[in-house]
Amino acid sequence: MIPDLTDMPHFPGLVTAADWAGVTACAGRPGCAKSLTDVRADAAAAVRASASPRGGADGLPVHWAGCERRCGHPPDRHVAVVATPRGYEVRLGDEVRARPPDPAATAAAVDGTRRSE
């Protein structure tokens, strides 16, 4: 039997809310020395700012990464939000779809790219 994932006190930081469906992230800062930013905090802000009430549940999965290594990314087609020294790039496959200038623009670019397929 699988436990109710909405109540997992032994796994702090495990997010099971419906608006996070289809959204993943690497460890990011402060847990990873190679990460350029706190991707989990940035992903959380983008989920809150998303036009979709269900986060990544509408369209392609989204993976946030703190560096080019993109640790933990899904094996299938997905939107990658990759931190670079100049900010985030929103990618679909090998194609950079956007280099948004701020968090609100990043959330909008992720929403648009996720629904483009």
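Fair warning: this is a prediction, and the values are worked out from it, not measured in the lab.

Chemist: Tell me about the pattern of salt bridges, and please be specific about residues and values.
Modeler: Evaluated as defined, the whole model comprises 5 salt bridges. Among the ionic pairs, R99 bridges to E89, the shortest N-O distance being 3.0 Å. Placement of the pair is R99 in the loop between β5 (95-98) and α2 (103-114) and E89 in strand β4 (residues 87-92), with a sequence separation of 10 residues. Judged by relative accessible area, R99 falls into the exposed class, the value being 59%. With its nearest N and O atoms 3.3 Å apart, the salt bridge here joins R97 to E95. Among the charged side chains, a salt-bridge network with shared partners connects E68, E89, R91 and R99.

Chemist: Can you explain unusual backbone geometry? Please cite residues and give values.
Modeler: Going from R29 to P30, the amide bond is cis rather than trans, its omega being 0°. With respect to the helices and strands, the residue P30 is situated in the loop between β1 (23-25) and α1 (39-49). At R70, a position not held by glycine, the phi torsion is positive, near 55°. With respect to the secondary-structure elements, R70 resides in the loop between β2 (62-65) and β3 (79-84).

Chemist: An account of the pairing of β3 is needed here, citing residue identities and associated values.
Modeler: Within β3, 6 of the 6 residues are buried, leaving the element largely enclosed by the surrounding structure. Going residue by residue along β3, you find V79, V81 and A83 tucked away on one face and A80, V82 and T84 tucked away on the opposite face as well. Sheet topology note: the β2/β3 ladder contains 4 bridges and is parallel. By the bridge assignment, A65 is partnered in β3 with V82. Here 6 bridges tie β3 to β4, and the two strands are oriented antiparallel to one another.

Chemist: A description of the pairing of β4 should follow, citing residues and the corresponding values.
Modeler: Two faces belong to every sheet, and in a regular strand the side chains alternate between them. Counting buried residues in β4 gives 5 out of 6 residues, a clear majority hidden from the surface. Counting the residues that bridge the hairpin from β3 to β4 gives 2 residues. Examined bridge by bridge, β4 and β5 share 3 bridges and lie antiparallel to one another. Bridge pairing in β5 places R91 opposite V96. If you look at the hairpin formed by β4 and β5, you'll find 2 residues sitting between the two strands, and G93 has a positive phi there, around 65°.

The rules behind these values
Residues numbered from 1 in each chain as written. Predicted model: local features only at pLDDT ≥ 70, side-chain atom pairs only at ≥ 80, totals over all residues. Heavy atoms only, no water. Salt bridge = Lys/Arg side-chain N within 4 Å of Asp/Glu carboxyl O. Helix = DSSP H or I, 4+ residues; strand = E, 2+ residues; numbered from the N terminus. Buried < 20%, exposed > 50% of the residue type's maximum accessible area, 1.4 Å probe, protein only. Pairing = 2+ DSSP bridges.

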